[in-house]
Amino acid sequence: MEPPIISSTMIPTLSWFTPKRLLAIFCVINLLNYLDRGTIASNGVNGSKGTCTEAAATCTSGSGIQGDFNLNNFEDGILSSAFLVGLLVACPIFASLAKSINPFRLIGVGLSVWTLATLFCGFSFNFWSISVCRMLVGVGEASFISLAAPFIDDNAPTSQKTAWLATFYMCIPSGYALGYVYGGLVGSYFGWRYAFWIESILMLPFAILGFLMKPLQLKGFGSGNLIKVEESKTDASEVQVANASNVRDDSLSLKEEFRDNTSNDQSKSKSATKMFDQFSIFFIDMKELLLDKVYVINVLGNIGYNFVLGAYSYWGPKAVYNIYHMADADLVFGGITVVCGIVGTLAGGFVADFMTNTISNAFKLLSATTFIGAALFFGAFLCRNVNGFLALFSIGELLVFSTLGPVSYVCLHCVKPSLRPLSMAMSTVAIHVFGDVPSSPLFGILQDSINNWRTTSLILTTILFPAAGIWFIGMSSRNLVFLLTSVVINVYVYLEGIFVHSVDKFEDDSENQVSNIERSCTIPLLQEKTGETSTSHTQSLEC
């Protein structure tokens, strides 16, 4: 039996498109994603609702989105988080589709949706129209969030994987801060609509690139199954042609009626079967993720971490203003966060690589930096002097931001390669649903009850200690059975082993049923121009 012929589109040619350039492109896209988040936040803060006197004798027009659409504060607040609805719904969908559709093409689809959604944000005419557009922005961003990190992990040098991931995630604080400034400047000089239109123009080349370039394959998504599917489709079409030629002598009316009925039944049956298969695969993969103790521990720690950081980002400047009476608290707090976010994220990635890339070492770094950072935050809010607060809080932010690279490394390497998109997607869903989304309103409720900004901030900070403890659990290789009792929500989570054996499953290819011939005909996704080029080219010609 002859080996299957692999389409030339599955083998990218050597060109300017190298792993480092892939990282650079993904960093720019991530920067634009968070630039948009900062832009909508900036327009929300800088906008104001129109006001009128009691006799309606004099009225002042509002500014920004809130003024144009006459939004109350609740509606204005919804706009800043509306994208999360689309993000949370679409993340698992894109991750599941990656098993049947090339992941690189899915990124192109997502960026196209993002580009159109931001474009129509500028053309929106009321609250509901811009809300729907913001949700679609989240849908477009979902494909990139789920799939970009696995691509970077595949193509990064073995000794620099965490550093590359940290470089990618460094764009989060820098992009958000840049968007805040960008949104304010463009909004004040040209109007808030132009801010979204410019974003759409900046993202358009990357959306087009996702379709024009030869699609890349992810590790764990072999081409063997795709080839078999195409062959089965070809065989089925040949059979249909043969059957059609045998019945040409039959009555035309009977033939057309039979063909219409059969094709309709078959199309409905195939659609239903395909949809059922997609759901089945999704639930099987979800079960495997939830039974993976290392993955669950990593996500639980990340939820606690994001719960605190989410409330800090929203309430931090106001808390600092009320505790230390700092007039420019928002600028100082924002500036510290941007600088510490960039430096801390990069430093965490390089330190993790220096310690050698293992899940156990990643957990060590996560646990240690989060615990020490929490202690520094706690000391900062206890400090009575504003200079002491700024010093302790700055060092604490450097440490806690260093977790972004290692936590993503664990998320990618504790599961099989084909589960990486879903693991990233569900981790994103979990940290938003249980972390930064509810933390801000809960902080507000607690502050209204206690009416003491220092005490409320200290209570919030203590949540980082159990987050560090959860990550400490994944660090050891001892296996004991224990019961974790959640004091806050009173939910018992049974984990098999208080100290979990951490296994890197990145090289696990058991799920890919691809023959040796097919494996020998596969060329790495991206190659630098080395001496191995001629060997790979010779192998592809032999295939």
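Residues numbered from 1 in each chain as written. Predicted model: local features only at pLDDT ≥ 70, side-chain atom pairs only at ≥ 80, totals over all residues. Heavy atoms only, no water.

**Topic: the overall build of the protein chain**
Inference 1: Secondary structure assignment for the protein chain yields 21 helices and four strands.
Inference 2: Out of the 543 residues in the protein chain, the part that is buried amounts to 47%.
Inference 3: The long-range fraction of contacts in the protein chain, counting pairs at least 24 apart against all pairs at least 6 apart in sequence, stands at 79%.
Inference 4: With an accessible surface of roughly 26,800 Å², the protein chain has 66% of that area assigned to carbon and sulfur atoms. (Helix = DSSP H or I, 4+ residues; strand = E, 2+ residues; numbered from the N terminus. Buried < 20%, exposed > 50% of the residue type's maximum accessible area, 1.4 Å probe, protein only. Contact = heavy atoms within 4.5 Å. Areas by Shrake-Rupley, 256 points an atom, 1.4 Å probe, with all protein chains shown as cover.)

**A short note on the side chain of arginine 37**
Inference 1: If you trace the backbone, arginine 37 turns up in helix 1 (residues 19-46).
Inference 2: When near neighbours in sequence (up to four residues on either side) are disregarded, arginine 37 contacts Phe83, Leu87, Glu141, Ile145 and Tyr176.

**A short note on the nonpolar core**
Inference 1: Counting 116 residues, the largest nonpolar core has Phe26, Ile65 and Phe168 as its most contacted members.
Inference 2: Element by element, the count of residues in this core is highest for helix 12 (residues 293-324), at 16 residues. (Core = buried A, V, L, I, M, F, W, Y, C linked by side-chain atoms within 4.5 Å.)

**Topic: the pattern of salt bridges**
Inference 1: Counted according to the given criterion, the structure contains five salt bridges.
Inference 2: Where aspartate 153 meets arginine 420, a salt bridge forms, and the shortest distance between an N and an O atom there is 3.4 Å. Of this pair, aspartate 153 sits in helix 6 (residues 127-155) while arginine 420 sits in helix 17 (residues 420-450), and the two are 267 residues apart along the sequence.
Inference 3: Given a relative accessible area of 0%, arginine 420 falls into the buried group.
Inference 4: A network of salt bridges, in which partner residues are shared, links Asp153, Asp154 and Arg420. (Salt bridge = Lys/Arg side-chain N within 4 Å of Asp/Glu carboxyl O.)

**What to know about the packing of aromatic side chains**
Inference 1: Counted according to the given criterion, the structure contains 26 aromatic pairs.
Inference 2: Measuring from ring centre to ring centre gives 5.7 Å for phenylalanine 69 and tryptophan 192, while their planes differ by 75 degrees; the resulting arrangement is edge-to-face. Residue phenylalanine 69 is located in helix 2 (residues 64-69), and its partner tryptophan 192 is located in helix 9 (residues 192-212); the two are separated by 123 residues in the primary sequence.
Inference 3: Taken together, the aromatic side chains of Phe26, Phe104, Phe144, Phe151, Phe168 and Tyr169 make up a single cluster linked through ring pairs. (Phe/Tyr/Trp six-rings, centres within 6.5 Å; stacked < 30°, edge-to-face > 60°.)

**A closer look at the confidence of the model for the protein chain**
Inference 1: This prediction gives the protein chain a mean pLDDT of 76; 71% of its residues lie at or above 70.
Inference 2: Considering only residues more than four positions removed or in separate chains, one finds that residues 1-14, a stretch of pLDDT under 50, has 22 contacts.
Inference 3: Every residue in residues 224-252 scores below 50 in pLDDT, and together they form twelve contacts with partners more than four places removed in sequence or on other chains. (pLDDT = per-residue confidence, 0-100.)

**Topic: the side chain of asparagine 306**
Inference 1: You can see asparagine 306 is positioned in helix 12.
Inference 2: The buried category is assigned to asparagine 306, whose relative accessible area is 15%.
Inference 3: Reaching out from asparagine 306, the side chain makes a polar contact with the backbone oxygen of asparagine 302 at a distance of 2.9 Å.
Inference 4: Ignoring any residue separated from it by four or fewer positions in sequence, one finds asparagine 306 in contact with Ile431, Gly435 and Asp436. (Polar contact = N/O pair within 3.5 Å; in protein donor to acceptor, adjacent residues only side chain to side chain.)

**A few points about the environment of methionine 170**
Inference 1: Topologically, methionine 170 is positioned in the loop between helix 7 (161-169) and helix 8 (171-189).
Inference 2: As for methionine 170 and leucine 346, which are separated by 176 residues in sequence, their C-alpha atoms are 6.7 Å apart.
Inference 3: Aside from chain neighbours lying at most four places away, what touches methionine 170 is Ile342, Thr345 and Leu346.

**Topic: the packing of helix 12 against helix 19 (residues 464-473)**
Inference 1: Put simply, helix 12 and helix 19 touch, their axes get as near as 8 Å, and they point 160 degrees apart. The orientation of helix 12 relative to helix 19 falls into the category roughly antiparallel. Of the two possible hands of crossing, helix 12 and helix 19 adopt the one that is left-handed. Within the contact between the two elements, helix 12 uses Ile297, Asn298, Leu300, Gly301, Asn302, Gly304, Tyr305 and Val308 and helix 19 uses Leu464, Ala467, Ile470, Trp471 and Ile473.
Inference 2: Taken together, the residues of the contact of helix 12 with helix 19 break down into nine nonpolar, four polar and no charged. (Axes fitted to C-alpha atoms, helices over the stretch in contact; angles between N-to-C directions. Parallel < 35°, antiparallel > 145°, perpendicular 65-115°, else oblique. Left-handed = near helix turned anticlockwise from the far one by under 90°. Nonpolar A, V, L, I, M, F, W, Y, C, P; charged D, E, K, R; others polar.)

**What to know about a nonpolar patch on the surface**
Inference 1: A contiguous nonpolar patch, built from Tyr176, Tyr180, Val181, Leu185, Tyr189, Phe190, Tyr194, Ile198 and Leu202 and spanning about 950 Å² of accessible area, is present on the exposed surface.
Inference 2: Elements with a minimum of two residues in the nonpolar patch: helix 8 and helix 9.
Inference 3: A total of five residues in the nonpolar patch trace back to one element, the largest contributor, which is helix 8.
Inference 4: Assignment of secondary structure puts tyrosine 189 in helix 8. (Patch = residues over 30% accessible without salt bridge, like charges linked within 9 Å, V, L, I, M, F, W, Y side chains within 5 Å.)

**Concerning unusual backbone geometry**
Inference 1: The phi torsion at histidine 325 lies on the positive side, around 55 degrees, for a residue other than glycine.
Inference 2: Relative to the helices and strands, histidine 325 is located in the loop between helix 12 and helix 13 (329-354).
Inference 3: Within the chain, asparagine 451 stands out as a residue other than glycine whose phi angle is a positive 60 degrees.
Inference 4: Mapped onto the elements of the fold, asparagine 451 is located in the loop between helix 17 and helix 18 (453-461).
Inference 5: On the basis of relative accessibility, which here comes to 62%, the residue asparagine 451 falls in the exposed class.

**A look at the environment of histidine 432**
Inference 1: Within the element layout of this structure, histidine 432 appears in helix 17.
Inference 2: Note on histidine 432: relative accessible area 8%, which makes it buried.
Inference 3: Along the backbone, histidine 432 and leucine 88 are 344 residues apart, and their C-alpha atoms lie at a distance of 8.2 Å.
Inference 4: Look past the residues within four positions of histidine 432 in its chain and what remains in contact with it is Leu84, Leu87, Leu88, Val437 and Pro438.

**Observations concerning the packing of helix 4 (residues 83-97) against helix 17**
Inference 1: At a closest axis distance of 8 Å, the pairing of helix 4 and helix 17 adopts a crossing angle of 155 degrees. Our classification of the angle between helix 4 and helix 17 gives roughly antiparallel. For the crossing formed where helix 4 meets helix 17, the hand is left-handed. Together, Leu84, Leu87, Leu88, Cys91, Pro92 and Ala95 of helix 4 and Pro421, Leu422, Ala425, Met426, Thr428, Val429, His432, Val433 and Val437 of helix 17 make up the contact between the two elements.
Inference 2: When its residues are assigned to classes, the contact of helix 4 with helix 17 shows 13 nonpolar, two polar and no charged.

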